[in-house]
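Descriptive structure summary
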Protein chains: 2
Amino acid sequence: MTHKLDLAFSALADPTRRAILAMLLEDDMAVTDVADPFEMSLAAISKHLGVLTTAGLISQEKRGRVKWCKLEPDALREASVWMQAFGQMGALDLDDFEAFLAAQLPDS
Amino acid sequence: MTHKLDLAFSALADPTRRAILAMLLEDDMAVTDVADPFEMSLAAISKHLGVLTTAGLISQEKRGRVKWCKLEPDALREASVWMQAFGQMGALDLDDFEAFLAAQLPDS
DNA sequence: TCAATATTCAACCAGATGGTTGACGTTTCA
DNA sequence: TGAAACGTCAACCATCTGGTTGAATATTGA
């Protein structure tokens, strides 16, 4: 029952996860390589990647023994548009707006 | 030590708080009036307003026995800029977006 | 002055979150 | 064949979150 925006925003609320997204902006990466710069266990990073995947912000694909992580811009776009609307508009029916987004954006 | 973005995104992650922000888009409101449409206690709403205030998304000013809540769009801007850095707004169909706005916004 | 109104505080609770460690299943390749 | 690399799982822990209720505080107005 939790809204897509709930998942996207709560995934974005963690600095480790934002850093991971920034890394993936450059290129797709394996889980081990994502974990490398962080001072925490591989298992912890694996969990963060799970959160990002559930939120739809990234996707993961296993090839051989390596699992590749890839940025998925759609979920970010929806959250971004929501905020843009907030910053720039006055009175707006956000329920209609979210319905508009649901119809507009691919995936779901 | 928590980053401003952590506070902003985690505040936005809750649907009740997003709904409150949407209400405050229309007009400043007293705490009791903010709480009215929600099926939860006044104390719970008071806590949500505290979270939004800590995140800088709203401000509260007490006049007499009434505490007025006011949207503070600036905090949203920083989060918005972070998302802009991902540069994916272009993938949205802007024509459809503007058509949506034209239908939504009052007498323009 | 006294009751009603507006809001917060404090204590409590269940469940989520973010981290750890160690064991485990796969896949590679020497 | 078997060790090493890749990644997840399970259990555990401390802390945070979002809600409750009841009492407390401050202000208003009759």
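About the thresholds
- All residue numbers refer to position in the chain's written sequence, counted from 1.
- Key to labels: chains lettered from A, ligands numbered from 1, both in the order written.
- pLDDT decides what is reported in this predicted model: residues at 70 or higher carry local features, side-chain atom pairs at 80 or more are listed and counted, and totals for whole chains, interfaces and linings draw on all residues regardless.
- Side-chain calculation: all heavy atoms of the structure are included, whereas hydrogens and water are not.
- Numbering goes from the N terminus for both helices and strands, where a helix is a DSSP run of H or I of at least four residues and a strand is a run of E of at least two.
- By this rule, a helix spans an expected 1.5 Å times one less than how many residues it contains.
- Categorising residues by exposure relies on relative accessible area from a 1.4 Å probe, with only protein chains included: less than 20% of the type maximum marks a residue as buried, more than 50% marks it as exposed, and the intermediate range marks it as partly exposed.
- Comment: arc refers to directions from the helix axis out to C-beta atoms.
- Pairs of residues are marked as contacts when any of their non-hydrogen atoms sit within 4.5 Å.
- Paired rings are identified among Phe, Tyr and Trp, the last through its six-membered ring, by centres lying within 6.5 Å, and are further divided according to the angle between planes into stacked (under 30 degrees), edge-to-face (over 60) and tilted (the rest).
- If DSSP finds at least two bridges between two strands, the strands pair.
- Where helices are involved, their axes are fitted lines through C-alpha atoms of the stretch in contact, as for all axes, and angles between N-to-C directions lie from 0 to 180°.

**Here's the deal with helix 4 (residues 42-54) of chain B**
Residue and element names in this part refer to chain B. For helix 4, spanning 13 residues, the distance from its first C-alpha to its last is 18 Å, which sits close to the expected 18 Å at 1.5 Å a residue. Ile45, His48, Leu49 and Leu52 are the residues of helix 4 that are buried. Taken down its axis, helix 4 places every buried residue within 100 degrees of arc, on the same side. Pointing more than 90 degrees away from the buried face of helix 4 are the exposed residues Ala43, Lys47 and Thr54. The secondary structure elements touched by the buried residues of helix 4 are helix 1 (4-12), helix 2 (15-26), helix 3 (31-35), strand 2 (58-63) and strand 3 (66-71). Positive backbone phi, at 80 degrees, marks Gly56, one or two positions downstream of helix 4.

**Some words on the packing of aromatic side chains**
When we look at a pair of aromatic rings, we describe it by the centre distance and by the angle of the planes. The tally for this structure, following the rule as stated, stands at 1 aromatic pair over all chains. Seen from their ring centres, Phe9 of chain A and Phe9 of chain B are 6.1 Å apart, and the 25 degrees between their planes marks the pair as stacked. With Phe9 of chain A in helix 1 (residues 4-12) and Phe9 of chain B in helix 1, the pair connects residues from two separate chains. Phe9 of chain B carries the same exposure label as Phe9 of chain A, and that label is buried.

**Comments concerning the sheet that holds strand 3 of chain B**
Pairing between sheet strands relies on hydrogen bonds along the backbone, with the strands arranged either parallel or antiparallel. Residue and element names in this part refer to chain B. Taken together, the 3 strands give an open sheet; going across it, the order is 1-3-2, and neighbouring strands pair in antiparallel fashion. Two strands lie at the open edges of the sheet, namely strand 1 (29-30) and strand 2, each paired on one side alone. Bridge count for strand 2 against strand 3 is 6 bridges, and the pairing is antiparallel. Looking at strand 3, one finds that Glu61 is bridged to Trp68. Docked against the sheet, helix 2 engages strand 1, strand 2 and strand 3, running at close to 90 degrees with respect to strand 3. Across the sheet, helix 4 touches strand 2 and strand 3, and the angle it forms with strand 2 is around 120 degrees.

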